[in-house]
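Spelled out, the chains give:
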Amino acid sequence: KCLLKALDLSGKANPNRVALWGLAQCFVKEKKYNKAINHLQNLTKHQPNSPEPHALIALILANQNFVGDRAKILNLLKKATELSQQDPEYVLLEASVLQRAKEFKLSLKLYKKVIDR
């Protein structure tokens, strides 16, 4: 079970970001994806320049309902890639999801971008 102390720390106006991350990770492990997404969305408000919560929300959605959330997933990944200043890890993640979405031209473009670095 997720830690009650972390839950207490996450509900404040200026929440403890470590607690929010811990909660999100616990909820993912417990397969409580909606709760994890809620805490990750809270993190995006308190850490607007951090790519990680955007990417993790996208991955959770992609593993649950890729077809229904496709545009949202791709937008979240694009945002994560932009925020990371084109960090190869995020570019590869975006390329992988685009490949899964059968967006092969875009996916190949991103793979090539990483290779050419």
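Predicted model, so just to flag it, every value in this text is computed and none were measured. (Residues numbered from 1 in each chain as written. Predicted model: local features only at pLDDT ≥ 70, side-chain atom pairs only at ≥ 80, totals over all residues. Heavy atoms only, no water.)

### A short note on the environment of Arg17
Link 1 in the chain: Relative to the assigned elements, Arg17 resides in helix α2 (residues 17-29).
Link 2 in the chain: Distance in space between the C-alpha atoms of Arg17 and Leu43 is 6.8 Å, their sequence separation being 26 residues.
Link 3 in the chain: In contact with Arg17, other than residues within four places in its own chain, are Leu43, His46 and Gln47. (Helix = DSSP H or I, 4+ residues; strand = E, 2+ residues; numbered from the N terminus. Contact = heavy atoms within 4.5 Å.)

### So, the confidence of the model for the protein
Link 1 in the chain: For the protein, the average pLDDT comes to 85, and 85% of its residues sit at 70 or higher.
Link 2 in the chain: For the protein, per-element mean pLDDT is lowest for helix α1 (residues 4-10), which scores 53, and highest for helix α7 (residues 104-115), which scores 94. (pLDDT = per-residue confidence, 0-100.)

### Examining the pattern of salt bridges
Link 1 in the chain: Evaluated as defined, the whole model comprises three salt bridges.
Link 2 in the chain: In this structure, the salt-bridge partner of Lys32 is Glu30, at a minimum N-O distance of 3.4 Å.
Link 3 in the chain: The exposure class assigned to Lys32 is partly exposed, which follows from its relative accessible area of 30%.
Link 4 in the chain: The class for Glu30 is partly exposed, based on a relative accessible area of 26%. (Salt bridge = Lys/Arg side-chain N within 4 Å of Asp/Glu carboxyl O. Buried < 20%, exposed > 50% of the residue type's maximum accessible area, 1.4 Å probe, protein only.)

### Some details on the nonpolar core
Link 1 in the chain: The biggest cluster of nonpolar side chains holds 27 residues, and the ones touching the most others in it are Leu40, Ile57, Leu61, Ile73 and Leu77.
Link 2 in the chain: Secondary structure elements with two or more residues in this core: α2, α3 (33-46), α4 (51-65), α5 (70-83), α6 (88-100) and α7.
Link 3 in the chain: The contacts of Leu40, once residues within four sequence positions are left out, are Trp21, Ala24, Pro53, Leu56, Ile57 and Ile60. (Core = buried A, V, L, I, M, F, W, Y, C linked by side-chain atoms within 4.5 Å.)

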